[in-house]
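Structural features, examined
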Amino acid sequence: MTVRIGVIGTGMIGQEHITRLTHVITGTRVTAVFDIDTARAEKVAASVGARALPSGGAVIDAPDVDAVVITSWGPTHAEHVLAAIAAGKPVFCEKPLATTAEDCLRIIEAETAHGRRLVQVGFMRRYDSGYREMKRVIESGAIGAPLIVHCAHRNPSVPDSYTSEMAAQDTAVHEIDVLRWLLDDEIRSVQVLRPRRTRNRQEHLQDPQIMLFETAEGVRIDLEVFVNCRYGYDIQCETVGEEGLVRLPDPAAVSVRGAGRNTTAVLQDWQGRFENAFDTEFREWAASVANGTEPTGPSSWDGYAATVISDALVVSLHSGETVPIDALATRPAFYGGTDR
């Protein structure tokens, strides 16, 4: 079957996903869109043979929409996700699931009352081939029990609108999700350290930041977030176990020898680094919609956990203290937990 998809939000990421659903993923067709910028919505809709509708609710309720993709402004996510659940339609929501823990809990309550999973949150790193191989190695026991994880998330630069808090809420949130998934473990405390600031930062910005995590099983994680590193977009992850370690591979690139040097290019943006992961993410999500099965990707609970933990990082950024994560003590069986 062809899955007919409505998209709410036609900004940069929305347009990327519309292109992906139209030209890359088979068996999907964008039939309706909405954006607060009406002219942009109409232009995007016309480019793929879709209709521009007057509201997000109209997209969700449209009879020719089988599933919904939400790529609008973060504070609008909860409203649209709740409406999609009420309509009984599968919904893919780019992160964040919601901008407050309270709204995330409202979504969890609504989805649980519905009786089956409808929501998938757009944390694409779970679909990256390198991260998937790391998880396979960890789960195989080849390196023994994980003890320590070292991570880095580096961007060449960020705009003036980027704030110190966004290092947790917009940047580290990807590591938060993928680390919980890699280790199959919950984060129990966080702390943010403020090292010497780079001279390349904006004046208001604390950059870099070092984020420390401890999990329920006692794994210690350190994450360097450096968003004005200048040299490129660089994602690193290494898990140290009792009997070995596993490291995320760098993206494949040719080496060039010349002028007395041997060089390898470094990617400059997240689109290039995770393009294949985005494709796999939507391919698997669309297949679940077509088959009438529950999504297997990041759940509403995962979206809630990411919001709670990133909020705690912001508290620690300003206090310097270790902040406990008490809200995640019980993962509902509905989301694969044991309700313990």
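Residues numbered from 1 in each chain as written. Predicted model: local features only at pLDDT ≥ 70, side-chain atom pairs only at ≥ 80, totals over all residues. Heavy atoms only, no water.

Some thoughts on unusual backbone geometry
- Cis geometry is found at the peptide bond from Lys-95 to Pro-96, where omega equals 0 degrees.
- Along the chain, Pro-96 turns up in the loop between β5 (91-94) and α5 (101-114).
- A cis amide bond, omega 5 degrees, links Asp-207 with the succeeding residue Pro-208.
- By the secondary structure assignment, Pro-208 is in the loop between β8 (187-193) and β9 (209-215).
- Of note, Asp-184 is a non-glycine position whose phi angle comes to about 50 degrees, a positive value.
- You can see Asp-184 is positioned in the loop between α7 (166-183) and β8.
- Look at Asp-184 and you get exposed, because its relative accessible area is 66%. (Helix = DSSP H or I, 4+ residues; strand = E, 2+ residues; numbered from the N terminus. Buried < 20%, exposed > 50% of the residue type's maximum accessible area, 1.4 Å probe, protein only.)

Examining α5
- Taking 1.5 Å per residue as the helical rise, α5 with its 14 residues ought to reach 20 Å, and the 20 Å between its terminal C-alpha atoms agrees with that figure.
- Listed in full, the buried residues belonging to α5 are Ala-101, Asp-103, Cys-104, Ile-107, Ile-108 and Glu-111. Seen along its axis, α5 keeps its buried residues to an arc of 160 degrees; they face one direction. What points out from α5, more than 90 degrees from its buried face, is the exposed set Glu-102, Glu-109 and Ala-113.
- Downstream of α5 by a residue or two, Gly-115 has a phi angle that is positive, lying close to 100 degrees. (Expected span 1.5 Å × (residues − 1). Arc of directions from axis to C-beta.)

Observations concerning the pattern of salt bridges
- Considering all chains together, one arrives at 20 salt bridges under this definition.
- For Arg-132, the salt bridge is made with Glu-284, and the minimal N-O distance between the two is 3.0 Å. Of this pair, Arg-132 sits in helix α6 (residues 129-140) while Glu-284 sits in helix α8 (residues 270-291), placing them 152 residues apart in sequence.
- Accessibility expressed as a relative area gives 32% for Arg-132, which makes it partly exposed.
- Overall, the relative accessible area of 31% leaves Glu-284 in the partly exposed class.
- We note a salt bridge from Arg-180 to Glu-186, for which the minimum N-O separation is 2.8 Å. You'll find Arg-180 and Glu-186 in the same group, each marked buried. (Salt bridge = Lys/Arg side-chain N within 4 Å of Asp/Glu carboxyl O.)

Observations regarding the environment of Thr-293
- Of note, Thr-293 is situated in the loop between α8 and α9 (300-319).
- Judged by its relative accessible area of 44%, Thr-293 falls in the partly exposed class.
- Taking the C-alpha atoms as reference, Thr-293 lies 34 Å from His-153; in sequence the two are 140 residues apart.
- Contacts of Thr-293, omitting those with residues within four sequence positions, involve Arg-116 and Ser-288. (Contact = heavy atoms within 4.5 Å.)

What to know about the sheet that holds strand β12 (residues 245-247)
- Taken in spatial order, the seven strands line up as β12-β11-β7-β10-β9-β8-β15 in an open sheet, and their pairing is mixed. Where the open sheet ends on each side, the last strands, each with one partner, are β12 and β15 (323-324).
- With six bridges connecting them, β8 and β9 associate as antiparallel partners. If you follow Ser-189 over to β9, its bridge partner there is Glu-214. (Pairing = 2+ DSSP bridges.)

Considerations on the side chain of Lys-89
- Tracing the chain through its elements places Lys-89 in the loop between α4 (77-87) and β5.
- There is a polar contact of 2.6 Å between the side chain of Lys-89 and the backbone oxygen of Ile-60.
- Excluding residues within four positions of it along the chain, Lys-89 makes contact with Ile-60, Asp-61, Ala-62, Val-65, Asp-66, Ala-84 and Leu-118. (Polar contact = N/O pair within 3.5 Å; in protein donor to acceptor, adjacent residues only side chain to side chain.)

Comments concerning the sheet that holds strand β6 (residues 119-122)
- The parallel open sheet is built from six strands, whose spatial order is β3-β2-β1-β4-β5-β6. In this open sheet, the two strands that pair with only one neighbour each are β3 (51-52) and β6.

Quick word on the packing of α6 against α7
- Close contact between α6 and α7 brings their axes to 9 Å; oriented N to C, the two are set at 30 degrees. Classed by the angle they form, the pair α6 and α7 counts as roughly parallel. Note on element contacts: α7 touches α6 through Val-178, Trp-181 and Leu-182, opposite Tyr-131, Arg-132, Met-134, Lys-135 and Ile-138.
- Looking at the contact of α6 with α7, its residues break down into six nonpolar, no polar and two charged. (Axes fitted to C-alpha atoms, helices over the stretch in contact; angles between N-to-C directions. Parallel < 35°, antiparallel > 145°, perpendicular 65-115°, else oblique. Nonpolar A, V, L, I, M, F, W, Y, C, P; charged D, E, K, R; others polar.)

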